[in-house]
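Each chain, letter by letter, is given below.
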Amino acid sequence: TPPFIIDTLSPPAPPPAGPLDFPLCDNCEGRDRFEENRWSFRAGNAFLCGIIDTGLVNSDRNAFTFFGVSACSPDTSMAMTIYLDPYKLDKTQSGVVINSIVFYFTKFGLADHLLISRQGTAFSLTIDNYDHQTKLCSGTFTGHAYKPDGKTLLVHAGKFMVKLH
């Protein structure tokens, strides 16, 4: 009889389950609207929202970033960087669709992002209104973000309103 091999290695552990099982958040109830210095979005069946504590435009005015903590958990936050080329935030404008976005949803202390956009995967942001005098920018976003297990999740119905500095 031929010899047989006994595999003594344990199978690899499955990817962690649950970091995207976002609980219902009373703090986001009724927040599915535009409010200054706030963000919100849906991911799967979850509705997440938070405060934008920082909004910056680069010196060439062809990119901006904003970020802030979640209203649901002080150890989670959302950040977006938007590359506007060929557009610039040098005048009042509306209806500008941008496809060069970096989106992160993170939990402090985790090695991986809970959700992250990747180049080559659809993710867009529309500037509904940018007022150059007040520097107030509002808009919507949607796209596919990657979970720590490598699968994608649709981020949709995203809203933001931020005063850019």
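Residues numbered from 1 in each chain as written. Predicted model: local features only at pLDDT ≥ 70, side-chain atom pairs only at ≥ 80, totals over all residues. Heavy atoms only, no water.

K.L.:
Can you walk me through the pattern of salt bridges in this structure?
P.N.:
Any two side chains of opposite charge can pair, given that their charged atoms come close. Applying the stated criterion across every chain, the model contains six salt bridges. Here Asp32 makes a salt bridge to Arg42, at a shortest N to O gap of 3.4 Å. Of this pair, Asp32 sits in the segment before β1 (38–43) while Arg42 sits in strand β1, placing them ten residues apart in sequence. Accessibility expressed as a relative area gives 34% for Asp32, which makes it partly exposed. Judged by relative accessible area, Arg42 falls into the partly exposed class, the value being 28%. The salt bridge partner of Glu35 is Arg38, with a shortest N-O separation of 3.8 Å. Residue Arg38 is classed as buried on the basis of its relative accessible area of 14%. Here the salt bridges do not stand alone but share partners, grouping Arg31, Arg33, Glu35 and Arg38 into one network. (Salt bridge = Lys/Arg side-chain N within 4 Å of Asp/Glu carboxyl O. Helix = DSSP H or I, 4+ residues; strand = E, 2+ residues; numbered from the N terminus. Buried < 20%, exposed > 50% of the residue type's maximum accessible area, 1.4 Å probe, protein only.)

K.L.:
Explain the nonpolar core here, please?
P.N.:
Soluble globular proteins tend to pack their nonpolar side chains together in the buried interior. One finds Phe41, Phe64, Met80, Phe103 and Phe105 to be the most contacted residues of the largest nonpolar core, which totals 34 residues. Residues in contact with Phe103, not counting those within four places in the same chain, are Phe41, Met78, Ala79, Met80, Leu115, Ile116, Ser117, Phe123, Phe141, Ala145 and Val155. (Core = buried A, V, L, I, M, F, W, Y, C linked by side-chain atoms within 4.5 Å. Contact = heavy atoms within 4.5 Å.)

K.L.:
Is there a simple way to explain empty space enclosed by the protein in this structure?
P.N.:
One way to see where empty space is left: roll a probe the size of a water molecule over the atoms. Within the structure shown, the criterion is met by one cavity of 30 Å³ or more. The computed volume of the largest cavity comes to approximately 40 Å³. Forming the boundary of the largest cavity are Arg31, Arg33, Phe34, Glu35, Arg38, Trp39, Ser40, Cys49, Lys159, Phe160 and Met161. Among the secondary structure elements, those contributing two or more residues to the lining of the largest cavity are β1 and β11 (152–163). Its residues placed into classes, the lining of the largest cavity shows five nonpolar, one polar and five charged. (1 Å grid on protein atoms, 1.4 Å probe; cavity = no way out; pocket = protein on both sides within 12 Å on 5 of 7 lines; lining within 4 Å. Points joined across faces, edges and corners; volume = space filled by probe spheres on them. Nonpolar A, V, L, I, M, F, W, Y, C, P; charged D, E, K, R; others polar.)

K.L.:
What's the story with the state of the cysteines in this structure? I'm lost.
P.N.:
Cysteine pairs can be linked by a disulfide, which is a covalent bond between their two sulfur atoms. Tallying each qualifying case throughout the model produces two disulfides. Each disulfide pairs two cysteine sulfurs, and for Cys25 the partner residue is Cys72, the sulfurs being separated by 2.2 Å. Taking the sign of the S-S torsion, -105° for the link of Cys25 and Cys72, the bridge is left-handed. Taken together, the residues span a long stretch of sequence, with Cys25 in the segment before β1 and Cys72 in the loop between β4 (63–69) and β5 (76–83) at a distance of 47 residues. The class for Cys72 is partly exposed, based on a relative accessible area of 31%. Cys28 shares a disulfide with Cys49; S-S distance 2.1 Å. Between Cys28 and Cys49 the disulfide shows an S-S torsion of about -100°. By sign, it is left-handed. Taken together, the residues Cys28 in the segment before β1 and Cys49 in strand β2 (residues 46–51) connect sequence positions 21 residues apart. Should the bonded cysteines of the protein be numbered as they appear in the sequence, the pairing reads 1-4, 2-3. (Disulfide = S-S within 2.5 Å.)

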